[in-house]
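A look at the structure
The lines below spell out each chain.
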Amino acid sequence: EDLGVQHRLWVYSGRRGVHCWVCDDAVRKWSPALRAAAVEYLSLVKVGAQGARNPLSLVKVGAQGSGHPVTLVKVGAQANTLTPGLTGSEESGESRMSLDRPAQHREPLQGEFPKKKDSVQRWELLRARMERTRGSSRGTAVGPCYADWEIMLQFCFPRLDINVSKGLGHLLKSPFSVHPKTGRISVPLDLQRLDQFDPFAVPTITSLCHELDTASSDGEQEDVGETEPKRRARDYKRTSLAPYVRVFEQFVEGMERARRGERIRQSGEC
């Protein structure tokens, strides 16, 4: 919205990423510098050499707001981070937590973490302690601790791949391609039903081949006189890929309607 783009197609990568195809005419003509600036504007958490373990890079938001789409809670002078060990339970005898805060926050948690059986209990313990800390430190010179909020930002906020977006010659994986490691199909996402999307239920190349073989066998019995190319072109509608193709078709239809409207508007001006 801030950048004025409208035609965005969200596509699951087939593994653990999501691609956003921005197809506005104006955006497709952007220079690499402008593309890089747009991605930098939307970036909040930056991944360094150590990946997600890298400390947070916080966007400073002024008291009046900066217009950035993400508004952060103002934190203390020191950043507070936890390693991914917080959510793991394999090393239950050890606390792999590293807080850049005074000992009154760090040491009690290090002693209590091993007593919790799973990551859910550890997280609830941390949140409860941070709530108490914020309540008791309001109005003090030290300021409240927002370690739990920073952890959520660090591990949940999307990391944007600036090289994919700024390079006009960068190779892109198109929708409906097959991920080489998982075999899953890269499928468009229906944002209206996003809460129902299960990445592990996405069609794979193996399951699609089986479904197509079954559809072809049924089609031969039903439509003996139909040519093979027509039958094969229709067979995908009998597979689990059909709803994803429909999402793609609706996106393309929306782009075409917008283009026709723009042509009508321009012809009216002339």
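Just so it is clear, the structure is predicted and the values come from calculations on it, not from any experiment. (Residues numbered from 1 in each chain as written. Predicted model: local features only at pLDDT ≥ 70, side-chain atom pairs only at ≥ 80, totals over all residues. Heavy atoms only, no water.)

Relative to strand 2 (residues 18-22), strand 1 (residues 8-12) is paired through 5 bridges, and the arrangement is antiparallel. Considered in strand 2, the bridge of Leu9 is made with Trp21. The hairpin formed by strand 1 and strand 2 contains 5 residues between the paired strands, and Gly14 there has a positive phi angle of roughly 105°. (Pairing = 2+ DSSP bridges. Helix = DSSP H or I, 4+ residues; strand = E, 2+ residues; numbered from the N terminus.)

The full count for this structure, using the stated rule, is 2 aromatic pairs. The interplanar angle of 70° and the centroid separation of 5.4 Å between the aromatic rings of Tyr12 and Phe197 together place this pair among those described as edge-to-face. You can see Tyr12 sitting in strand 1 and its partner Phe197 sitting in the loop between helix 6 (162-166) and helix 7 (205-222), a full 185 residues away along the chain. We classify Phe197 as partly exposed; its relative accessible area is 24%. For the ring pair Phe176 and Phe248, a centre distance of 5.7 Å and an interplane angle of 85° mean the geometry is edge-to-face. Placement of Phe176 in the loop between helix 6 and helix 7 and of Phe248 in helix 9 (residues 242-269) is noted, with a sequence separation of 72 residues between them. Judged by relative accessible area, which is 26%, Phe176 ranks as partly exposed. For Phe248, a relative accessible area of 29% gives the class partly exposed. (Phe/Tyr/Trp six-rings, centres within 6.5 Å; stacked < 30°, edge-to-face > 60°. Buried < 20%, exposed > 50% of the residue type's maximum accessible area, 1.4 Å probe, protein only.)

With respect to the element layout, Met152 can be found in helix 5 (residues 147-156). We classify Met152 as partly exposed; its relative accessible area is 27%. The contact partners of Met152, leaving out residues within four places of it in the chain, are Trp123 and Phe157. (Contact = heavy atoms within 4.5 Å.)

The subject of this paragraph is helix 9. The end-to-end C-alpha distance of helix 9, which contains 28 residues, comes to 41 Å, matching closely the 40 Å that a straight helix rising 1.5 Å per residue would cover. Among all positions of helix 9, only Ala242, Tyr244, Val245, Val247, Phe251, Gly254 and Met255 are buried. Where helix 9 is buried, its residues touch strand 1, strand 2 and helix 1 (25-28). (Expected span 1.5 Å × (residues − 1).)

So, about the environment of Phe176. Taking the C-alpha atoms as reference, Phe176 lies 9.0 Å from Leu241; in sequence the two are 65 residues apart. Apart from residues no more than four positions distant in its own chain, Phe176 is found in contact with Ile185, Ser186, Pro188, Leu241, Tyr244, Val245 and Phe248.

In this structure, Thr239 sits in the loop between helix 8 (228-235) and helix 9. Here Thr239 falls in the buried class, since its relative accessible area comes to 8%. Excluding anything up to four places from it in sequence, Thr239 contacts Leu208, Glu211 and Leu212.

Turning next to the pattern of salt bridges. Counted according to the given criterion, the structure contains 7 salt bridges. Between Arg28 and Asp25 there is a salt bridge, with its nearest N and O atoms 2.6 Å apart. Here Arg28 and its partner Asp25 are both found in helix 1, 3 residues apart, which amounts to about one turn of the helix. Arg28 gets classed as partly exposed once you look at its relative accessible area, which sits at 43%. The partly exposed category is assigned to Asp25, whose relative accessible area is 38%. Across the pair Glu256 and Arg260 runs a salt bridge whose closest N-O atoms are separated by 3.9 Å. Here Glu256 pairs with Arg260, and both are found in helix 9, just 4 residues apart, close to one helical turn. (Salt bridge = Lys/Arg side-chain N within 4 Å of Asp/Glu carboxyl O.)

Atom-level detail of predicted coordinates should not be read off regions where pLDDT is low. In this model, the chain carries a mean pLDDT of 75, and residues with pLDDT of at least 70 account for 68%. Here helix 8 stands out as the least confident element of the chain, with mean pLDDT 65; strand 1 is the most confident, with 95. For residues 48-67, every residue scores under 50 in pLDDT, and the model assigns this stretch 32 contacts once sequence neighbours within four places are set aside. Counting contacts from residues 71-100, a segment whose pLDDT is below 50, to residues more than four positions away or on other chains yields 74 contacts. (pLDDT = per-residue confidence, 0-100.)

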